[in-house]
Amino acid sequence: MDSSKQDPEGSTGGAQHPRTRGVDWCPPLLLRLALALQHVLVQCALPVLVVGILQCHLHVPWAEAEWAQHLASLLFSSALSTLLHTCLGTCLPLVQAPSLEFLGPALVLLSTNPGSEEACRGQYGEAEECDTQSRALRELQGMVVVAGLLQVCVGVCGLGGVCLRHCGPLVLAPVVCVQGLSMYRDAALLCSDHWGFAALAVFLMVILSRHLRSFPIPGFLGMLSLLVPALIVWCVCVLLTSTGHVRLHTLSELLPDLGVQNDTITHSLNDTHALSDISSGLDLTPNGTSSSLPWISLPHTGVWRPLVSGRAVAAGVVVALASCCSSMAVYCFSSRLLEAPHPPAHACNRGLLSEGLGTLTAALLGSPLGVASSVANACTLQLSQSGSRRTVQVAAILGLVLGLSPRLTAILLSSVPLAVYGAILWVTYAVATGTGVTYFQFGHMDSGRNIFNIGFTIFMALVAPRWFRLQPHILITGSLSTDVFLLSVLTSPIFLIFSLAFLLENTVSGALPERGLIRVEGAKGKPVAVIADGRQCSRETEAIYQPPYLVRRLLALPYLRVVPFYACRTPEGPQEVVRPTQETMNLLTV
């Protein structure tokens, strides 16, 4: 396990690095539990962030029980989706978590909700009441239902696998880079709780994950390079806050300071006084857990009447497409971090199917947001040098336990300082950005074609969402559903960059080596598909991406061997790698 691996280009020189432990590696019991706790800690950063932002935009303070129930519901559905994904989906060790791709369209939907306080003003008498929060939550649940159904359809029909076949390195590079860059404002928001604690946590994470690997220290310290620093800073925060030397902030206090600069908050809500009132009187992460919260309870928010309106359908379509784009990029770069073969089409289809089922589960539990593959947890695989599937399954079981206990969820999640969550997102998303940069090596970077395609897609994916968040009322077509659809598309950086990179890469002509689709290896000049990084062994692919025996038997049933379920089945017999040719160098000539 300590052996080194040559660099992707096949050279024998250069620095060597520790190899990531494989998917089938089974760590010792205590180490497996510690790695699982590390995944749970990383996973919890996103629910705390998205629930806090969503609550501020509902303009109605949640009681502590409602706050805990929403977090418990998200953790339970994420854990269940993780188990589905590791058994039915791609079988990669990927943790599922609330997706930021759901948050943007959700805020757009809230801003155009005709049941909002501004829209209701003047339309109701004094004796009448406008139930803003109930209608908003029901419409968000309708959006999640539509997104989940569409994700399932994309998976079982094989559209994800077809799209993945045309995603070369120069499509994945800008997408993964923007995935990492899209979190920097939110990570800064959480770190602003206390920059000293955040800097200390980041410093310890970098030291443990990078520098101390060259010294004779216990190996588990490097593998727990996120958990150990988080625990150290957590203990220091508890000590200093209990003595009164430090006062930490809540997310509701930090949000107004971000103003219009927050990339994940849509600014078509002009009632800033309401946001200020909420932020001054509501603690999104309560310091003390109320004794009224049950220790064991079904993870349901208490609201299950999804309102599938035209606006919910429009937002749900955008959410499903953006989530599929993000998940396919996570499948690809996580396989690269694990030094595994590129995901085959059938594994990608099963992955999208399992995520759709997880999103539907979240909707059934009353959650206003869905789940998708977590970028932060995927990057944790590289930081811990451990890609064990069993570890992720243990983390999913721990998530199920947390989801069934709202009181335990509130105690643990509210006691962790926001600066620690910010440091975790800071380090993990930095790995995502760096992984995206590594894909550039496969293409010809002096090519004018590649320079323009990459620069244009990244610039547009950063500028367009920013401008349309500042000017949301520029899109007024007379139809609220159309307005929601267009604004959701134009404020979704992942969907924008994936669409632009995919279209430009497959429509602008270019030689295959220029596009990074093949390279020549060996003395005889044998062409090898770069996207698979030279690993084209079908046995290795089957060992990683083949589902368990019972799932294979289920997909082999006669009535599941035809459309639309054929796309999720593993092809029978030996499969040859199809190398692209000059005649199929873009979509216009296929």
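Criteria and thresholds
- Residues numbered from 1 in each chain as written.
- Predicted model: local features only at pLDDT ≥ 70, side-chain atom pairs only at ≥ 80, totals over all residues.
- Heavy atoms only, no water.
- Helix = DSSP H or I, 4+ residues; strand = E, 2+ residues; numbered from the N terminus.
- Buried < 20%, exposed > 50% of the residue type's maximum accessible area, 1.4 Å probe, protein only.
- Contact = heavy atoms within 4.5 Å.
- Areas by Shrake-Rupley, 256 points an atom, 1.4 Å probe, with all protein chains shown as cover.
- Core = buried A, V, L, I, M, F, W, Y, C linked by side-chain atoms within 4.5 Å.
- Phe/Tyr/Trp six-rings, centres within 6.5 Å; stacked < 30°, edge-to-face > 60°.
- Lys NZ or Arg CZ within 6 Å of the ring centre and 35° of its normal.
- Axes fitted to C-alpha atoms, helices over the stretch in contact; angles between N-to-C directions.
- Parallel < 35°, antiparallel > 145°, perpendicular 65-115°, else oblique.
- Left-handed = near helix turned anticlockwise from the far one by under 90°.
- Nonpolar A, V, L, I, M, F, W, Y, C, P; charged D, E, K, R; others polar.
- Salt bridge = Lys/Arg side-chain N within 4 Å of Asp/Glu carboxyl O.
- pLDDT = per-residue confidence, 0-100.
- Expected span 1.5 Å × (residues − 1).
- Disulfide = S-S within 2.5 Å.
- Patch = residues over 30% accessible without salt bridge, like charges linked within 9 Å, V, L, I, M, F, W, Y side chains within 5 Å.

Some points on the overall build of the protein chain
For the protein chain, the count of helices and strands is 25 helices and four strands. Counting the 590 residues in the protein chain, one finds 57% classified as buried. Considering only residue pairs separated by 6 or more positions, the protein chain has 85% of its internal contacts joining residues 24 or more positions apart. Carbon and sulfur atoms make up 64% of the accessible area of the protein chain, which totals about 24000 Å².

Looking at the environment of Val-427
Along the chain, Val-427 falls in helix α19 (residues 418-438). Overall, the relative accessible area of 11% leaves Val-427 in the buried class. Along the sequence, Val-427 and Phe-203 sit 224 residues apart, while their C-alpha atoms lie 9.8 Å from each other. Look past the residues within four positions of Val-427 in its chain and what remains in contact with it is Val-202, Met-205, Leu-226 and Leu-383.

Some remarks on the nonpolar core
The tendency in soluble globular proteins is for nonpolar side chains to be buried side by side. Core analysis: the largest hydrophobic core is formed by 142 residues, its most contacted members being Met-143, Met-183, Phe-333, Tyr-421, Leu-425 and Phe-498. Top contributing element to this core by residue count: helix α1 (residues 29-58), with 18 residues. Contact partners of Leu-425, with chain neighbours within four places excluded, come to Ala-45, Leu-46, Met-183, Ala-187, Leu-190 and Ala-376. One finds Phe-76, Leu-365, Ala-396 and Leu-400 within the second-largest nonpolar core, a separate group that totals five residues.

Thoughts on the packing of aromatic side chains
For the structure shown, the criterion picks out five aromatic pairs. Ring centres of Phe-452 and Phe-456 lie 5.4 Å apart, and the angle between their planes is 15 degrees; on these two criteria the pair is classed as stacked. Taken together, the positions of Phe-452 and Phe-456, both in helix α20 (residues 448-470) and four residues apart, correspond to about one turn of that helix. A cation sits over an aromatic face here: Arg-336 above Tyr-439, 5.4 Å from the ring centre.

Observations concerning the packing of helix α14 (residues 310-337) against helix α21 (residues 480-490)
Helix packing geometry: the angle between the two helix axes and the distance between the axes. Put simply, α14 and α21 touch, their axes get as near as 8 Å, and they point 20 degrees apart. By the angle between their axes, α14 is roughly parallel relative to α21. Crossing of α14 over α21 shows right-handed handedness. Where α14 abuts α21, its residues Gly-310, Arg-311, Ala-314, Ala-315, Val-317 and Val-318 lie against Leu-480, Ser-481, Val-484, Phe-485, Ser-488 and Val-489. Taken together, the residues that form the contact of α14 with α21 break down as eight nonpolar, three polar and one charged.

Quick look at the pattern of salt bridges
The tally for this structure, following the rule as stated, stands at four salt bridges. Notably, a salt bridge pairs Arg-311 with Glu-139, separated by 2.9 Å at the nearest N-O pair. Pair noted here: Arg-311 is in helix α14 and Glu-139 is in helix α5 (residues 132-157), with a separation of 172 residues, a long-range link. The residues Arg-311 and Glu-139 share a single accessibility class, namely buried.

A closer look at unusual backbone geometry
One non-glycine residue, Cys-91, lies in the positive phi region at around 70 degrees. Residue placement: Cys-91 occurs in the loop between α2 (64-87) and β1 (96-98). Despite not being glycine, Glu-339 has its phi angle at roughly 55 degrees, a positive value. For Glu-339, the location among the structural elements is in the loop between α14 and α15 (345-364).

Comments concerning the confidence of the model for the protein chain
Fine structural detail should not be taken from predicted coordinates in areas where pLDDT scores are low. Summing up the model confidence of the protein chain, the mean pLDDT is 79 and the portion of residues at 70 or higher is 76%. Within the protein chain, α19 carries the highest mean pLDDT (94), whereas helix α13 (residues 272-281) carries the lowest (33). The low-confidence segment residues 1-17 (pLDDT under 50) makes 23 contacts with residues lying over four places distant or belonging to another chain. Segment residues 116-130 is flagged for pLDDT under 50; beyond a separation of four residues in sequence, or across chains, it makes 15 contacts in the model.

Here's the deal with helix α11 (residues 227-242)
An ideal rise of 1.5 Å per residue puts 22 Å on 16 residues; α11 measures up with 22 Å between its terminal C-alpha atoms. Buried positions along α11 lie against α1, α9 (195-209) and α19. One or two positions beyond α11, positive phi appears at Gly-244, with a value near 85 degrees.

Description of helix α16 (residues 375-384)
Burial within α16 is extensive, with ten of its ten residues counted as buried. Turning to α16, its buried residues are Val-375, Ala-376, Asn-377, Ala-378, Cys-379, Thr-380, Leu-381, Gln-382, Leu-383 and Ser-384. A positive backbone phi angle near 55 degrees is found at Gln-385, which sits one or two residues after α16.

Remarks on the state of the cysteines
Taken as a whole and judged by the stated rule, the model has zero disulfides. Cysteine Cys-348 remains unbridged, with the sulfur of Cys-332 as its closest cysteine sulfur at 7.3 Å. Note on Cys-348: relative accessible area 0%, which makes it buried.

Some details on the environment of Arg-552
Structurally, the position occupied by Arg-552 is in helix α25 (residues 549-555). Counting along the chain gives 464 residues from Arg-552 to Leu-88, while the straight-line C-alpha distance between them is 9.1 Å. With residues up to four places along the chain from it excluded, the contact list for Arg-552 reads Gln-546 and Pro-547.

Quick word on a nonpolar patch on the surface
A contiguous nonpolar surface patch, about 470 Å² in accessible area, is contributed by Leu-181, Tyr-184, Phe-459, Leu-462 and Val-463. Sorting elements by how many residues they give to the nonpolar patch places α20 first, with three residues. Residue placement: Leu-181 occurs in helix α7 (residues 169-181).

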